[in-house]
2 protein chains.
Amino acid sequence: MKDLSPTVTTGPLPASRRVWHKGERHPDIRVPMREIDLHPSAGEPPVTVYDSSGPYTDPAAGIAIDRGLPRLREGWVAARGDTETYDGRHVRPEDNGFAEGARLVPEFPVRHTPRRATGGRAVTQIAYARAGIVTPEMEFVAIRENLGRKAAKEALARDGESFGAEIPDFITPEFVRDEVAKGRAIIPANINHPEAEPMAIGRNFLVKINANIGNSAVTSSMAEEVEKMVWATRWGADTVMDLSTGRNIHNIRDWIIRNSPVPIGTVPLYQALEKVGGIAEDLSWEVFRDTLIEQAEQGVDYFTIHAGVRLHMIPMTVDRVTGIVSRGGSIMAKWCLHHHRESFLYEHFEEICDIARAYDVSFSLGDGLRPGSIADANDQAQFAELETLGELTQIAWARDCQVMIEGPGHVPMHKIKANMDKQLEVCGEAPFYTLGPLTTDIAPGYDHITSGIGAAMIGWFGTAMLCYVTPKEHLGLPDRDDVKTGVITYKIAAHAADLAKGHPAAQIRDDALSRARFEFRWEDQFNLSLDPETARSMHDETLPKEAHKVAHFCSMCGPKFCSMRISHDIRSEAQKEGMAKMAEKFREGGALYMPLDKDGGA
Amino acid sequence: MKDLSPTVTTGPLPASRRVWHKGERHPDIRVPMREIDLHPSAGEPPVTVYDSSGPYTDPAAGIAIDRGLPRLREGWVAARGDTETYDGRHVRPEDNGFAEGARLVPEFPVRHTPRRATGGRAVTQIAYARAGIVTPEMEFVAIRENLGRKAAKEALARDGESFGAEIPDFITPEFVRDEVAKGRAIIPANINHPEAEPMAIGRNFLVKINANIGNSAVTSSMAEEVEKMVWATRWGADTVMDLSTGRNIHNIRDWIIRNSPVPIGTVPLYQALEKVGGIAEDLSWEVFRDTLIEQAEQGVDYFTIHAGVRLHMIPMTVDRVTGIVSRGGSIMAKWCLHHHRESFLYEHFEEICDIARAYDVSFSLGDGLRPGSIADANDQAQFAELETLGELTQIAWARDCQVMIEGPGHVPMHKIKANMDKQLEVCGEAPFYTLGPLTTDIAPGYDHITSGIGAAMIGWFGTAMLCYVTPKEHLGLPDRDDVKTGVITYKIAAHAADLAKGHPAAQIRDDALSRARFEFRWEDQFNLSLDPETARSMHDETLPKEAHKVAHFCSMCGPKFCSMRISHDIRSEAQKEGMAKMAEKFREGGALYMPLDKDGGA
């Protein structure tokens, strides 16, 4: 019964320790970070980096997938006194696509009674923020975003172009509250997913990345999906979307949520479609509503809702090269067209908000009409939908719901910034969450790269979260290796964006790694990298010996040609000489007629 | 004796034929391109793409590495009547680092008598261009850049932001001549490398990529390097730099040049250093000069010359995080510092030009002080050198030499454009040739990606050629797989740049592939991609059966959820309905109260 307690990847990354920073306003909160120890010869303190991996990288944590993670936020939620536990909805055969017997993934062994708001209250982070309340979640986020920096003693030189973002030198809990209150950031944190460690998605915070997992009707199992989730967060995924579409959707999702240290997002429409046997025309508000409650009770932290796809927009897509490429978008378009009716998601959006606010499920307003090819980028259909998403944002905000906006897609470089600018304008600075974008269509098998280019750029321009694309995009369902490649590629894009935006702490890791490189501290260079295992194994392909880990060269240039080694000689000669004196002597031209020292200058 | 006739990769890419377009002014020239055939159901003509692979992908070509490629340009050069053959320099032990016996790579079996200008003439493409002569090389380039388009019947809608580049709808031989005459483009074409197929490097042409190969003192053999060259051009490398630094430099280079269909670049300083036993201080103008002539006679098409590293700049590098990371730059800096003298490359630059113009060796003025880390980007040392490269460009142009300028390196996104703008300004629009740039330091093992981001951006801004970075950068010498990954990544960056610049033909391939994707022509989708083998194998990992090659879904979403399949249903319903009528009916809101058809609208 391997499915009953799947094994997942655990243990620390090389030279790394999971450490905790305590709260001040809320002394009981402990914010995890990763400290990377450097070689003593560096004479440098450990480098602190953001840690999305949860307890899995903590050797002291007892991991049992069939029990789930500790329920970190349970007390915080209860203490607010605005929710109640209740019996909740019970699992029905259709929730798992009528899977039976051996084909049925077992239910998660522990059932937690769901919790919801009492008296129609909004129990959302934005409702608290607007009421002036700094929640433990907000302080947790503030400490986390500062990467362990202390306000006073580490004000850093700022450098960057942020295109109007307002990133402070130091993030206070009050700043987090204010950003959430304004709708410029969200903290996806369903009260029924207390296992998750709070994180923020917003233009004035570190750029985040999402990893998609999920089985399809064609392939993959629960155990694989749980491991993909753990594996993705190990390498840096800030949120995970479960996009499962086959049988067993309900039970697989339970195993994932109960073991996830990061917020989980879904597209409820996928499960709703399974409930009606995959016939888009048979979808109804009732089935969809039932699915929202089912998933809200399980603890899904954000819902992708394709309410922006409206009947009158469908004709705008018919002459496209690639039509509608969003699964949710195409399902809704088919429904609208078949019934010649406006989308039930659009018509019932207020009721959707009323469900979301009772559990604090954030919205990711789906871009059902995003372009699926360079030819379709920034077209009428795409921007018509974006304007509708702007209207829906106002409706959600009026009901104290947290909102982010999904973006493309396939967009050539010169059309990327227009997407960011228009989103900021029509969606009132709600966080933008884009898929790539892919900057060319001609490289299937390498779409993590075609899209990593666009993701880095749009992240720089202000996108708050980047949804990864794996090498398998357009070709198949990503496996574990594809997930890692996608996550590392998107960590690169997000970090490149943080550097370019001038995030005050972003360059610390680059500088530490570059110093290690210049000083031939190979181990430190591996350990500070996003993927220490790959860096080490590539180095060892040509210079496997331990001795080479201290060698002052690598196989790329060999000893004689190592520019860094030569630079050290230059530096020491220069220091012997005295820089100031030297610079003086070497004023342009001045050196030309300088007599050699008697010993030839050596 | 595998080294005597190494085996290389040959044969066409899937569904591809090598075709030739004839010249008009020069009817004897045949310009190769690759035509990719589509499935008959597409009802589309073959897609023509740029082909850098040479005869190796032509089944009709008889390949024998120990004979070398046909000497395509020999007649063109001779016909100009401004050169003579002469005995030339003979190989000396030091040319191969004193390798002997079994360690000595055999000489290339065929020796061609070298050719040089008579009467101190400049036999360079820029000299002819300035004299108003349209050479066969120029017409070859014009036809090649048009990708087989005919001026009249294929004027395409232009879209893009070119930042002041002047890309015409159609490239004429006269346009090529004019760009070369202005120094805005170069055609690297040593008269002693007649095997190469002419290509242009310039901001108003397709963005090109370079692949570095070459052994180091630590690893790799001649056979491997020849195969790396063939392999790199197969996947799209437009030029190849041989950066060998160990023994056998002369002989390995001979095998590479005689078999290379693309221009070959080198850094002559590396071989000069070998000749003096690796002691930078022992370098001299005489040894360097001898090396230039040796390599010019062999047929090297462009020389990287680090003449911009001057004595007074060295102090500017001493406080850098990563000092001097260019091998050539660090060698020259050490020489200057040791002797307390100005660089012999700078002092003798006119004489270097006199050698180059006699063979038409183009210059790639090296950025010896490029930043090696984010911390050092755009600093005083880097820009001081760039200004010197501007001076040297004028000196080279005054002597009718072709010039391009090397650029960084490690640069965060917000500092990339400043590099392009300053280069255009101080180097008089000479083509820019950058290494990446890498947009973060923290991902060793993935530096093809950290740099692919920067490369795509700087290519968009106007860089004419992008020097690839492989996953092994900073870690070791790239092997054959790393070379392919680097080349494909850089083809993506260059193509993304062409799209964003608005190159008139760039989007043809994207659109053809996207149509194939939308129509589930899987084979066409694979065949049109930059790496058909990888695309196919990733698809087959989950859906191996031949039947799946026509399936209207993939394993990513499965049949029920395929948005593209649904889009087709939508399109056909829509067409039944009549788009205009439908659009009319669906005016915003209008649809809300529309009665259903009696049959429910189906």
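Residues numbered from 1 in each chain as written. Chains lettered and ligands numbered in written order. Predicted model: local features only at pLDDT ≥ 70, side-chain atom pairs only at ≥ 80, totals over all residues. Heavy atoms only, no water.

Thoughts on the sheet that holds strand β10 (residues 264-266) of chain A
All names here are of chain A. The 8 strands lie next to each other as β8-β9-β10-β11-β12-β13-β14-β15, forming a closed barrel whose pairing is parallel. Adjacent strand axes in the sheet meet at a mean angle of 25° when their direction is disregarded. Across 3 bridges, the pairing between strand β8 (residues 208-213) and strand β15 (residues 465-467) is parallel. Looking at β15, one finds that Lys208 is bridged to Met465. Packing against the sheet, helix α6 (residues 249-258) makes contact with β8, β9 (239-242) and β10, and its axis sits at approximately 155° to β10. (Pairing = 2+ DSSP bridges. Helix = DSSP H or I, 4+ residues; strand = E, 2+ residues; numbered from the N terminus. Axes fitted to C-alpha atoms, helices over the stretch in contact; angles between N-to-C directions. Contact = heavy atoms within 4.5 Å.)

Let's talk about the UniProt feature "binding site: Zn(2+)" (unreviewed entry) in chain A
Residue and element names in this part refer to chain A. UniProt annotation of "binding site: Zn(2+)" (unreviewed entry) refers to His410 and His474 when read in the numbering used here. Separation in sequence by 65 residues is not matched in space for these annotated residues, since their most distant C-alpha atoms are only 12.2 Å apart. Structurally, His410 can be placed in the loop between β13 (403-407) and α13 (416-426). Take His410: its relative accessible area is 5%, and that puts it in the buried class. (UniProt positions renumbered as here; feature names shortened; annotations may be inferred. Buried < 20%, exposed > 50% of the residue type's maximum accessible area, 1.4 Å probe, protein only.)

Describing the relation of the copies chain B and chain A
Turning chain B through 180° and shifting it by 0.0 Å along the axis lays it on chain A, with an RMSD of 0.0 Å. With respect to symmetry, the two chain copies, as superposed, fit the operation of a two-fold axis. When C-alpha positions in chain B are compared against the rotation axis, the closest is assigned to Ile453 of chain B, at 2.3 Å. When the interface residues of chain B are mapped onto chain A, 99% of them are again interface residues, pointing to one common binding face. (Least-squares fit on C-alpha atoms with pLDDT ≥ 70 in both.)

Thoughts on the sheet that holds strand β3 (residues 47-50) of chain B
Strands in a sheet are paired, the pairing made by backbone hydrogen bonds, and the direction either parallel or antiparallel. All names here are of chain B. Strands sit in the order β1-β2-β3 across an open sheet of 3 strands; the sheet is antiparallel. The sheet is open, and its two edges are formed by β1 (16-22) and β3, each paired on a single side. Geometrically, the sheet is characterised by an average inter-axis angle of 45° between neighbouring strands, direction not taken into account. Bridge count for β1 against strand β2 (residues 30-36) is 7 bridges, and the pairing is antiparallel. Directly across from Lys22, in β2, lies its bridge partner Arg30.

Section: the packing of helix α5 (residues 222-235) of chain B against helix α6 (residues 249-258) of chain B
Residues and elements named next belong to chain B. Their axes nearest at 9 Å, the elements α5 and α6 cross at an angle of 30°. By the angle between their directions, the pair α5 and α6 is classed as roughly parallel. Regarding α5 and α6, the two cross each other, and that crossing is right-handed. Contact with α5, carried on its side by Met222, Glu225, Val226 and Met229, involves Ile252, Trp255 and Ile256 of α6 and no other residues of that element. Broken down by class, the residue content of the contact of α5 with α6 amounts to 6 nonpolar, no polar and 1 charged. (Parallel < 35°, antiparallel > 145°, perpendicular 65-115°, else oblique. Left-handed = near helix turned anticlockwise from the far one by under 90°. Nonpolar A, V, L, I, M, F, W, Y, C, P; charged D, E, K, R; others polar.)

Here's the deal with the side chain of Asn212 of chain B
All names here are of chain B. Note on placement: Asn212 falls in strand β8 (residues 208-213). Separated by 2.8 Å, the side chains of Asn212 and Asn210 make a polar contact. Among residues more than four places away in sequence, those in contact with Asn212 are Met241, Leu243, Cys467 and Tyr468. (Polar contact = N/O pair within 3.5 Å; in protein donor to acceptor, adjacent residues only side chain to side chain.)

Points about the confidence of the model for chain A
Residue and element names in this part refer to chain A. In the predicted model, chain A carries a mean pLDDT of 91, and the fraction of residues at 70 or more is 92%. Across residues 587-602, confidence stays below pLDDT 50; counting only partners more than four residues off in sequence or on other chains, it has 22 contacts. Listed scores for the predicted complex are pTM 0.95 and ipTM 0.94. (pLDDT = per-residue confidence, 0-100.)

Quick word on the domain arrangement of chain A
We note that the domain assignment places domain 1 (16-106 + 115-152 + 168-506) and domain 2 (552-601) within chain A. One C-alpha centre belongs to domain 1 of chain A, the other to domain 2 of chain A, and the line joining them spans 53 Å. (Domains from an automatic or database assignment.)

Notes on the pairing of strand β13 (residues 403-407) of chain B
Residue and element names in this part refer to chain B. Of all the 5 residues making up β13, 5 are buried; the element is thus mostly covered by neighbouring parts of the structure. Burial of β13 is two-sided: the residues Val403, Ile405 and Gly407 facing one way and the residues Met404 and Glu406 facing the other way are all buried. Judged from the 3 bridges that link them, strand β12 (residues 362-365) and β13 form a sheet pairing that is parallel. Of the residues in β13, the one forming a bridge with Phe363 is Val403. Traced from β12 through helix α12 (residues 380-398) to β13, the parallel crossover comes out right-handed. Direction of pairing for β13 relative to strand β14 (residues 432-435): parallel, over a ladder of 3 bridges. Note on β14: the bridge partner recorded for Ile405 is Phe432. (Right-handed = clockwise from strand over helix to strand, strands pointing away.)

A short note on α13 of chain A
Helical geometry: 3.6 residues make up each α-helical turn, so side chains three or four residues apart lie on a common side. All names here are of chain A. Turning to α13, its buried residues number three or more, namely Ile416, Asn419, Met420, Lys422, Gln423, Leu424 and Val426. Contacts from the buried residues of α13 go to α12 (380-398), β13, β14 (432-435) and α14 (447-461). Within two residues after α13, Gly428 carries a phi angle of roughly 55°, on the positive side.

Considering the nonpolar core
Looking at soluble globular proteins, one finds that nonpolar side chains tend to be buried together. The biggest cluster of nonpolar side chains holds 312 residues, and the ones touching the most others in it are Ile305, Phe363 and Met413 of chain A together with Ile305 and Phe363 of chain B. Look past the residues within four positions of Ile305 of chain A in its chain and what remains in contact with it is Phe288, Leu292, Leu345, Phe349, Ile352, Phe363, Ser364, Leu365 and Gly366 of chain A. (Core = buried A, V, L, I, M, F, W, Y, C linked by side-chain atoms within 4.5 Å.)

Concerning helix α16 (residues 507-518) of chain A
Residue and element names in this part refer to chain A. With 12 residues, α16 should reach 16 Å at 1.5 Å per residue; the first-to-last C-alpha distance of 16 Å fits that figure. Most of α16 is tucked away: 9 of the 12 residues are buried. Listing the buried residues of α16 in full gives Arg509, Asp510, Asp511, Ala512, Leu513, Ser514, Ala516, Arg517 and Phe518. Within two residues after α16, Phe520 carries a phi angle of roughly 55°, on the positive side. (Expected span 1.5 Å × (residues − 1).)

Re the environment of Ala189 of chain A
Residue and element names in this part refer to chain A. In this fold, Ala189 is placed in the loop between β6 (185-186) and β7 (201-202). When the C-alpha atoms of Ala189 and Glu137 are compared, they prove to be 8.5 Å apart, with 52 residues separating the residues in sequence. If sequence neighbours within four positions are ignored, Ala189 has contacts with Arg73, Asp301, Tyr359 and Asp360.

Observations regarding the interface of chain B and chain A
The extent of an interface is frequently quoted as the accessible surface area lost upon association of the parts. Listed as interface residues are 138 residues of chain B and, on the opposing side, 137 residues of chain A. Carbon and sulfur atoms supply 68% of the area buried between chain B and chain A, which totals about 11,700 Å² over both sides. Across the chain B-chain A interface, the total number found is 6 salt bridges. A salt bridge links Lys334 of chain A to Asp569 of chain B; its shortest N-O distance comes to 3.2 Å. The tally of links between chain B and chain A comes to 24 residue pairs in polar contact (both at pLDDT 80 or more). Within the side of chain B that touches chain A, the residues separate by chemical class into 63 nonpolar, 41 polar and 34 charged. (Buried area = accessible area lost by both parts, 1.4 Å probe. Salt bridge = Lys/Arg side-chain N within 4 Å of Asp/Glu carboxyl O.)

Some points on the packing of helix α3 (residues 136-145) of chain B against helix α4 (residues 173-181) of chain B
In a packed pair of helices, the relevant descriptors are the angle between the two axes and the axis-to-axis distance. Residue and element names in this part refer to chain B. At a minimum axis separation of 8 Å, α3 and α4 run at an interaxial angle of 115°. Comparing the axis directions of α3 and α4 gives the class roughly perpendicular. The two elements α3 and α4 meet at a crossing, and its hand is right-handed. In this structure, α3 uses Met138, Glu139, Val141 and Ala142 to contact α4, whose residues at the interface are Pro173, Val176 and Arg177. When the residues that make up the contact of α3 with α4 are grouped by side-chain class, the tally is 5 nonpolar, no polar and 2 charged.

A closer look at the environment of Thr239 of chain B
Residue and element names in this part refer to chain B. On the secondary structure map, Thr239 appears in strand β9 (residues 239-242). Look at Thr239 and you get buried, because its relative accessible area is 0%. Taking C-alpha positions, Thr239 is 9.4 Å from Asp301, a pair spaced 62 residues apart along the chain. The residues touching Thr239, leaving out its near neighbours within four places in the chain, are Met199, Ile201, Ile209, Asn210, Ala211, Val262, Pro263, Tyr302 and Met465. Within the local environment of Thr239, its side chain forms a polar contact with the side chain of Asn210, the two groups lying 2.7 Å apart.

Some details on the pattern of salt bridges
Evaluation of the coordinates by the stated rule reveals 98 salt bridges over all chains. Between Glu94 of chain A and Arg92 of chain A there is a salt bridge, with the nearest N and O atoms lying 3.9 Å from each other. Residue Glu347 of chain B pairs with Arg341 of chain B through a salt bridge whose shortest N-O separation is 3.0 Å. Exposure remark for Glu347 of chain B: the relative accessible area of 30% places this residue in the partly exposed category. Look at Arg341 of chain B and you get partly exposed, because its relative accessible area is 32%. Residues joined by salt bridges that share partners form a network here, namely Arg89, Arg92, Glu94, Asp95, Arg253, Lys275, Asp290 and Glu294 of chain A.

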